[in-house]
Amino acid sequence: MKKVVVHPERCVGCMQCMIACATAHSQTKNLFSATLEDPLPRPRVHVGAGLYGEGFPNRCRHCDPAPCMFACLPGAIYRDWETDTVLIDPDKCINCASCAMACPFGVIRYHEDASAPLKKTVAVKCDNCLERQNQGLIPACVEVCKSRALTFEDPSDAMKRKTNEVAQSLSSDTSRIEIAPGFTLLNTIKRTQVELKIEN
Amino acid sequence: MKYVIIGNGVAGIQAAETIRQFDSEGSITMIGDETFPPYCRPMISLALEGSVDQDKLHIRSAGFYDDLNIRPVLGKRVTGIDVDNKKVLIQEKSARPSLQASSTIMDLICKLLSIFGGDPGTEPRRGSETGFEFDKLLIATGADPRPVKATGLNLKNIFYMRTEVHVRQMLEILPGAKNALVLGGGLVGFKAAYGLLCRGLHVTMLIRSDYPLSMQVDEKAGRMILDQLSEHGLEVKVGVEVTGFEGIKKVERANLSDKTAIACDMVVVGKGVLPALSFVPRDKIQADLGILVDQHMETNIPGIFAAGDVAQSVDIARKISWVNAIWPEAVEQGRIAGMNMAGRQTAYKGSLSRNVIRIFDLDVMTAGLVNPPSDPSYEVVSSDNLRLNIYRKLVFRNDKLAGFVMVNAIEQGGILMSLIKNEIPVKIPKAAMLEPSFNYNQLMM
């Protein structure tokens, strides 16, 4: 089964995945009309700045076992076994934030949402774009990502590729090969700027 | 394999479900005091405040016991454990301590149960004891409300807040009530006060310390909570206790230790809980405040386990043996006990106190050790942002996080929880973790 795979070393922090995610979970599915909706659609993937301004698309890992699921008081969080996706039932959610205390990645947010009853604040997180996948589309964050920091593939394929890349980069015969050369340069510059306190 | 589980709270349920995952053949008997399908205890306060319907509290269907092929023995309290002969003893006549002189719903259900159970119910078989043999036993009896010492406790409309029945009884008399008195500023007292404020009652709260939730939060957060509640009409009296209640049949007045009196038509006692282990033979099974368990949730007697509010284990943040009587620990301990009972060796890291509370405009999250002893190995960093009404305090023991308090902007609290629980050394500047912009990425160096 294909899944969203995150490659943090390739993220440039452009936040296009956030816009695409919010749009994909809006009522009208169109960026321009989505900005006029009430409640205003919000992203379920979060690009937080690292200590040196590096980007990282932080999204739900759909853990198994999922700590949020065990912490949920009304039993609103469940696993859809067919798609291996952890979902929140907005009708059952009581907005108690027990899941915020349980999620070790900090990916759950609390707000009104098009999928929830009107004016009800609920816990919201990544749903693997199941609605889009049912229409034959890939998750919105992957579709929009230009730097291939987010890919949609079989995890074992991604694992194999990564193993090869790491093996190559560690090979003593060759000069050290960077896994993502351009991105490493970008992040090194960002880091140096912070360390030397260079203002742009 | 014969499994017996005492207690049908969440620890017992989780254990039963986990045992069934690994052992579909063994017989499971669950002995429970409460006769309803399993429900979510922390949510009873939401039923009191009216944000959740009473019938939405259930977390398992009525067919739970049948579906998992469990033999339920409900409405009964265990009277003893025969450790040598591996037997759990119960009294045939259900005895249930209650503050209310008569709890009609409970009586009705007990009567119904006895009819379905084939017991004609004419002569209660007082004193006859029945035994349940076990190979593996789980004690998951939870905790009972800590009693209060005062005269006139037999008057009507004096409640504990621990079970669904308690809240149901409170809701019945709410329409006629105007003035409520809440004893205790801990979590239960605090949630009772909040619920009754939401219902439009005038609420007076008596607390021993200077601010509510003194076990959970530090003084600063405690005062923010107090201000918030006072703004919405809560009256707080500090450093006084109740000596007695007066009234004709129903409670009308409470006399306080400072010789004053308060008029009230309902009282909620929220003085914390005590592990329910009066039936445990302490000469055989080691117990302190709770039943002592090892990292497999097993007591000193092989084959006898304990989990949930009744169990006492190592507290990860405090580094001492401690009872953390909270829902998420009961869930985890129940699962781990179940795995070990079914023969799958699984270790438990230890417990950690934690809580998240949303009241009016305030979100408060807290975990671990929030008021550290004055010791050079502890470091406290804190910040407040008055504009955003955010307060954060982090307690470090050497280079590891040992506790925190967050007021508002609590979404990243789970990351901090995980740092405490997994005892991960913090290598980034501590000040960065106080920023509202703190996120998971910053730990990935």
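Keep in mind it's a predicted model, so treat the numbers as computed, not measured.

Right, let's talk about the overall build of chain B for a bit. When you go through chain B residue by residue, the secondary structure sums to nine helices and 26 strands. For 445 residues, the compact-globule estimate of 2.2 N^0.38 gives 22 Å, and chain B sits close to it at 23 Å. Its C-alpha atoms give chain B principal-axis dimensions of roughly 70 × 60 × 40 Å. Put simply, 64% of the contacts in chain B that link residues at least 6 apart link residues at least 24 apart. Accessible area for chain B stands at about 19400 Å²; split by element, carbon and sulfur atoms hold 49% of it.

All names here are of chain B. Taken in spatial order, the five strands of this open sheet run 9-16-10-11-12, and their pairing is parallel. Of all the strands in the sheet, the pair left with one neighbour each is strand 9 (158–160) and strand 12 (235–238). Strand-to-strand twist of the sheet, defined as the mean angle between neighbouring strand axes without regard to direction, takes the value 20 degrees. In the sheet, strand 11 (residues 202–207) pairs with strand 12 via four bridges, with the strands oriented parallel. Across the sheet, Thr 204 pairs through a bridge with Glu 235, a residue of strand 12. Sitting on the sheet, helix 6 (residues 187–198) touches strand 10 (179–183), strand 11 and strand 16 (266–269), and the angle it makes with strand 11 is about 165 degrees.

With that settled, consider the domain arrangement of chain B. Residue and element names in this part refer to chain B. By domain assignment, chain B separates into domain 1 (2–144 + 273–341), domain 2 (147–269) and domain 3 (369–443). Roughly 540 Å² is buried in total at the junction of domain 1 and domain 3, and carbon and sulfur atoms are behind 49% of that figure. Among the residues of domain 1 in contact with domain 3, Ile 316, Ala 317 and Lys 319 are the three that bury the most area, contributing 73% of the side total. Our count for the contact surface shared by domain 1 and domain 3 stands at two salt bridges. For Glu 423, the salt bridge identified is with Lys 319, shortest N-O distance 2.4 Å. Here domain 1 is connected to domain 3 by three residue pairs in polar contact (both at pLDDT 80 or more).

The subject of this paragraph is the pattern of salt bridges. Considering all chains together, one arrives at 29 salt bridges over all chains under this definition. Two residues, Glu 131 of chain A and Lys 29 of chain A, come together in a salt bridge whose shortest N-O distance is 3.6 Å. Linking Glu 131 of chain A in helix 5 (residues 130–134) with Lys 29 of chain A in the loop between helix 1 (16–24) and helix 2 (31–34), this pair joins segments that are 102 residues apart in sequence. Residue classification places Glu 131 of chain A among the partly exposed residues on the basis of a relative accessible area of 47%. With relative accessibility at 40%, the residue Lys 29 of chain A sits in the partly exposed group. Two residues, Lys 284 of chain B and Asp 84 of chain B, come together in a salt bridge whose shortest N-O distance is 3.3 Å. With Lys 284 of chain B in the loop between strand 17 (273–275) and strand 18 (291–292) and Asp 84 of chain B in the loop between strand 4 (78–82) and strand 5 (87–91), this pair connects stretches of sequence that are 200 residues apart. Connected through shared salt-bridge partners, Lys 3, Asp 64, Arg 79 and Asp 84 of chain A make up one network.

Okay, the sheet that holds strand 5 of chain B next. All names here are of chain B. As summarised here, the arrangement of the three strands in space is 4-5-6, forming an open sheet in which the pairing is antiparallel. Two strands bound the open sheet, and with one partner strand each, they are strand 4 and strand 6 (129–133). Here the average twist between neighbouring strands, direction ignored, is 25 degrees. Judged from the four bridges that link them, strand 4 and strand 5 form a sheet pairing that is antiparallel. Note on strand 5: the bridge partner recorded for Gly 80 is Leu 89.

Turning our attention to helix 8 (residues 327–341) of chain B. Residues and elements named next belong to chain B. Look at helix 8: 21 Å from first C-alpha to last across 15 residues, which is about the 21 Å you get at 1.5 Å a residue. Buried within helix 8 are the following residues: Trp 327, Glu 329, Ala 330, Val 331, Gln 333, Gly 334, Ile 336, Ala 337, Gly 338, Met 339, Asn 340 and Met 341. Just beyond helix 8, the residue with positive phi is Gly 343, at close to 100 degrees.

Another point: the packing of helix 1 (residues 10–22) of chain B against helix 8 of chain B. Residue and element names in this part refer to chain B. Direction vectors running N to C along helix 1 and helix 8 enclose 30 degrees, while the axes themselves pass 7 Å from each other. Between helix 1 and helix 8, the angle is such that the two are roughly parallel. Between helix 1 and helix 8 lies a crossing of right-handed hand. Residues Val 10, Ala 11, Gln 14, Ala 15, Thr 18, Ile 19 and Phe 22 of helix 1 touch helix 8, and the partners they reach there are Trp 327, Ala 330, Val 331, Gly 334, Arg 335, Gly 338, Met 339 and Met 341. Partitioning the contact of helix 1 with helix 8 into residue classes produces ten nonpolar, four polar and one charged.

With that settled, the discussion passes to the UniProt feature "domain: Rhodanese" (unreviewed entry) in chain B. Annotation from UniProt places "domain: Rhodanese" (unreviewed entry) at residues 176–199 of chain B. End-to-end, the C-alpha atoms of residues 176–199 of chain B are 12 Å apart, and along that stretch the chain is 50% helix and 21% strand.

What counts, and at which threshold
Residue positions are counted from 1 within each chain, in the order its sequence is given. The naming scheme follows written order: chains are lettered A onward, ligands numbered 1 onward. Local features in a predicted model are, by the rule used here, given only for residues with pLDDT of at least 70; side-chain atom pairs are given and counted only at 80 or more, and totals for whole chains, interfaces and linings are based on all residues. As a rule here, side-chain values come from all non-hydrogen atoms in the structure, and water together with hydrogens is ignored. Helical segments are the DSSP runs of H or I of at least four residues, strand segments are the runs of E of at least two, and each set is numbered from the N terminus. Our radius of gyration looks at C-alpha atoms and nothing else; its globule reference is 2.2 Å times the residue count to the power 0.38. Only heavy atoms matter for contacts: two residues are in contact if any of them lie within 4.5 Å across the pair. Surface accessibility follows the Shrake-Rupley procedure with a 1.4 Å probe radius. Residue values consider only the protein chains on display as shielding. Criterion used throughout: strands pair if DSSP finds at least two bridges between them. An axis is simply a line fitted to the C-alpha atoms; with a helix, the fit covers only the stretch in contact. Between two such axes, the angle follows the N-to-C directions and lies from 0 to 180 degrees. All the domain ranges listed were derived from an automatic or database domain assignment. Buried area adds together the accessible area that both of two parts lose upon being put together, with accessible area traced by a 1.4 Å probe. Salt bridges are defined by distance alone: a side-chain nitrogen of Lys or Arg within 4 Å of a carboxyl oxygen of Asp or Glu. For this analysis, a polar contact is any N or O atom pair within 3.5 Å, provided that within protein one partner can donate a hydrogen and the other can accept it, and provided that sequence-adjacent residues contribute only side-chain to side-chain pairs. Note on exposure labels: buried denotes an accessible area under 20% of the residue type's maximum, exposed denotes more than 50%, and partly exposed covers the range between, all computed with a 1.4 Å probe on protein chains only. Helix span is expected to be 1.5 Å times the residue number reduced by one. Comment on the angle field: the value is read as roughly parallel under 35 degrees, roughly antiparallel over 145, roughly perpendicular from 65 to 115, and oblique elsewhere. Left-handed is the label given to a crossing in which the near helix is rotated counterclockwise from the far helix by less than a right angle, and right-handed is the label when the rotation is clockwise. Residues are grouped as follows: Ala, Val, Leu, Ile, Met, Phe, Trp, Tyr, Cys and Pro are nonpolar; Asp, Glu, Lys and Arg are charged; every other residue, Gly included, is polar. UniProt positions are given in the numbering used here, feature names are shortened, and annotations may be inferred rather than shown by experiment.

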